[in-house]
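# Descriptive structure summary
The residues making up each chain are set out below.
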Amino acid sequence: MTRWTRLTLCLAGAVLTVASCQNDNSVGPTDPGASEAGTALATTTTAPLAFAQVNVGPYHSCGVTTDHRAYCWGGNFSGQLGDGTTTNRSRPVAVLGGLQFLNVDPGTNHTCGVTTDFRAYCWGENATGTLGDGTTIDRPIPAPVAGAHPFRQVSAGYSSTCGVTRGGHAFCWGWNFVGQLGDGKTTESHIPEEVRGGFTWLEVNVSVNYACGVTTDYRAYCWGENGYSELGDGTSTNRWRPTAVAGGLSFRQISPGDRHACGVTTDYRAYCWGLNIANELGDGTNNFGRATPGPVAGGIKFRRVSAGDGSHVCAITTGGRGYCWGTDEKGALGAGSTKRSSRPVAVLGGLYFKDLATGEDHTCGRTSADKAYCWGDNQLGALGDGTTTNRSTPRAVVGPM
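Residues numbered from 1 in each chain as written. Predicted model: local features only at pLDDT ≥ 70, side-chain atom pairs only at ≥ 80, totals over all residues. Heavy atoms only, no water.

The secondary structure content of the protein amounts to one helix and 30 strands. Expressed as a percentage of its 401 residues, the buried residues of the protein come to 56%. Here the contacts in the protein between residues at least 6 apart in sequence split such that 48% fall between residues at least 24 apart. When the accessible surface of the protein is split by element, carbon and sulfur atoms take 49% of a total near 14900 Å². (Helix = DSSP H or I, 4+ residues; strand = E, 2+ residues; numbered from the N terminus. Buried < 20%, exposed > 50% of the residue type's maximum accessible area, 1.4 Å probe, protein only. Contact = heavy atoms within 4.5 Å. Areas by Shrake-Rupley, 256 points an atom, 1.4 Å probe, with all protein chains shown as cover.)

See below:
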């Protein structure tokens with residue numbers, strides 16, 4: 001059954017009426033171009049950027065354009081936007097240095113990225129060596145990570161960072177008080193230290209005080225803090241080196257969140273484990289948590305999942321649709337409300353996504369047209385729409401400053 005709704009919007013004193021179509025399984029029109037035109041509510045004299053990648057941290061967001069330039073927006077307490085200042089920005093600003101990036105990853109108060117020549121750079125807070133440049137000096141512009149490792153992927157967390165080389169070796173640096181560097185020690189390191197175990201990695205991702213990764217044989221491992229069973233090994237014991245996630249599942253991708261983690265298996269099913277007090281496991285229950293992977297409710301086939309730094313999770317279906325679950329106090333689920341959900345709910349707007357990434361209370365995604373949209377908490381400008389107004393549905397990221 002198809003139903004039509006009429007939405008009236010007020011823009012700069014003018015009234016715009018937009019008709020949208022919904023069916024039982026999706027929201028908005030089926031044509032991606034038409035749906036994006038209907039959702040792009042922000043206006044700017046500068047054309048929006050075309051992104052090849054979009055990613056978020058707890059309080060800021062970053063992306064790499066199709067011509068390999070890095071831009072960031074949102075909170076900038078320690079220079080994590082990379083524009084040479086500590087001024088918050090509500091619209092994208094260019095990362096200084098003239099570097100060409102393949103990917104970027106925002107952490108809590110720092111950001112790291114990999115350039116087109118496979119070198120890692122980081123900027124922002126560096127009190128515990130999170131930038132990996134051998135110092136503890138904050139950097140408001142990109143600084144090269146020490147060593148000659150040719151990285152292809154990097155992940156910035158709370159006070160630690162990890163990366164995977166072109167050869168599949170994992171290295172981590174920064175804070176290590178609960179073993180989150182995976183080097184078998186609890187000693188802070190200001191330069192990259194190789195993760196123990198001799199594994200060859202597809203990817204490694206970092207959260208607050210732990211990290212998880214997937215090996216080339218599709219096995220998931222986690223290490224670091226485990227007080228809420230976020231490592232998924234059936235215990236609540238901290239681990240100083242990679243420990244297998246229980247259950248024998250084959251994962252294609254894994255994302256550690258604040259006190260929970262989620263992953264997508266090779267048959268495109270989402271599983272989560274760890275703390276569940278805000279329904280972040282998406283299993284349809286209000287249970288406190290679980291120590292091993294459990295399936296996300298609904299039987300939806302997902303391509304990627306992002307557990308984020310707060311208490312919500314978002315994922316992209318194999319057909320490119322966005323779904324989220326967990327807490328929604330500031331609209332981070334993109335479902336048009338601020339109600340939490342214990343099972344996946346569709347992101348409104350009819351957009352088709354290539355990327356989705358979750359922060360503490362906001363979410364951003366890259367659409368099939370390579371445009372960035374964000375929703376949720378915007379008090380620091382992390383949505384990039386030129387305002388500091390929270391949004392409960394996707395809002396187009398405006399052009400750069």
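Next, the rest of the story.
The next thing to look at is the nonpolar core. If you look at soluble globular proteins, the nonpolar side chains tend to sit buried side by side. By size, the foremost hydrophobic cluster in this structure holds 13 residues, and its most contacted members are Cys272, Phe302, Val305, Val313 and Trp325. For this core, the secondary structure elements donating two or more residues are β20 (260–265), β21 (270–275), β23 (302–306), β24 (312–317) and β25 (322–326). (Core = buried A, V, L, I, M, F, W, Y, C linked by side-chain atoms within 4.5 Å.)

Let's shift gears to the sheet that holds strand β19 (residues 251–256). Spatial ordering of the open sheet is given by β19-β20-β21-β22, a layout of four strands whose pairing is antiparallel. Edge positions in the sheet fall to β19 and β22 (289–295), since each has one partner strand and no second. If you compare each strand with its neighbour and ignore which way they point, the axes differ by 10 degrees on average. Note: β21 against β22, four bridges, orientation antiparallel. (Pairing = 2+ DSSP bridges. Axes fitted to C-alpha atoms, helices over the stretch in contact; angles between N-to-C directions.)

On to the confidence of the model for the protein, then. Chain-level pLDDT for the protein is 90 on average; 89% of the residues reach the 70-or-more range. Per-element confidence in the protein is highest for strand β9 (residues 120–124), whose mean pLDDT is 99, and lowest for strand β1 (residues 3–11), whose mean pLDDT is 32. Predicted confidence is poor over residues 1–44, with pLDDT under 50, and the contacts of this stretch with residues over four places away or in other chains come to 75 contacts. (pLDDT = per-residue confidence, 0-100.)

Once that is clear, we can look at the sheet that holds strand β28 (residues 362–367). Judged by pairing direction, the sheet is antiparallel, and its four strands sit side by side in the order β27-β28-β29-β30 without closing on themselves. Of all the strands in the sheet, the pair left with one neighbour each is β27 (353–358) and β30 (391–396). Each neighbouring strand pair of the sheet contributes to a mean axis angle of 15 degrees, computed without reference to strand direction. The pairing of β28 with strand β29 (residues 372–376) spans five bridges and is classified as antiparallel. Bridging from a neighbouring strand, His362 pairs with Gly376 of β29.

So, on to the state of the cysteines. Within this structure, the stated rule accounts for seven disulfides. Between the sulfur atoms of Cys212 and its disulfide mate Cys222 the distance is 2.1 Å. Its S-S torsion of about 105 degrees marks the bond between Cys212 and Cys222 as right-handed, since a negative value means left-handed. Placement of Cys212 in strand β16 (residues 210–215) and of Cys222 in strand β17 (residues 220–224) is noted, with a sequence separation of ten residues between them. (Disulfide = S-S within 2.5 Å.)

Within strand β8 (residues 110–115), six of the six residues are buried, which leaves it mostly tucked inside the rest of the structure. Of the two faces of β8, both are covered, the one formed by His110, Cys112 and Val114 as well as the one formed by Thr111, Gly113 and Thr115. Note: strand β7 (residues 101–106) against β8, five bridges, orientation antiparallel. Pairing of Pro106 across the sheet is with Thr111, part of β8.

With that settled, consider the packing of aromatic side chains. Each aromatic ring pair is described using two quantities: the centre-to-centre distance and the angle formed by the ring planes. Taken as a whole and assessed by the stated rule, the structure comprises 16 aromatic pairs. Arranged with centres 6.3 Å apart and planes meeting at 75 degrees, the rings of Phe302 and Tyr323 form a pair that is edge-to-face. Taken together, the residues span a long stretch of sequence, with Phe302 in strand β23 and Tyr323 in strand β25 at a distance of 21 residues. On the basis of relative accessible area, Phe302 is assigned to the buried category, the value being 1%. When its relative accessible area of 15% is taken as the criterion, Tyr323 is described as buried. For Arg166, the ring lying beneath its charged end belongs to Phe118, and the centroid distance is 3.8 Å. The side chain of Arg321 reaches across the aromatic face of Tyr352, ending 4.0 Å from its centre. (Phe/Tyr/Trp six-rings, centres within 6.5 Å; stacked < 30°, edge-to-face > 60°. Lys NZ or Arg CZ within 6 Å of the ring centre and 35° of its normal.)

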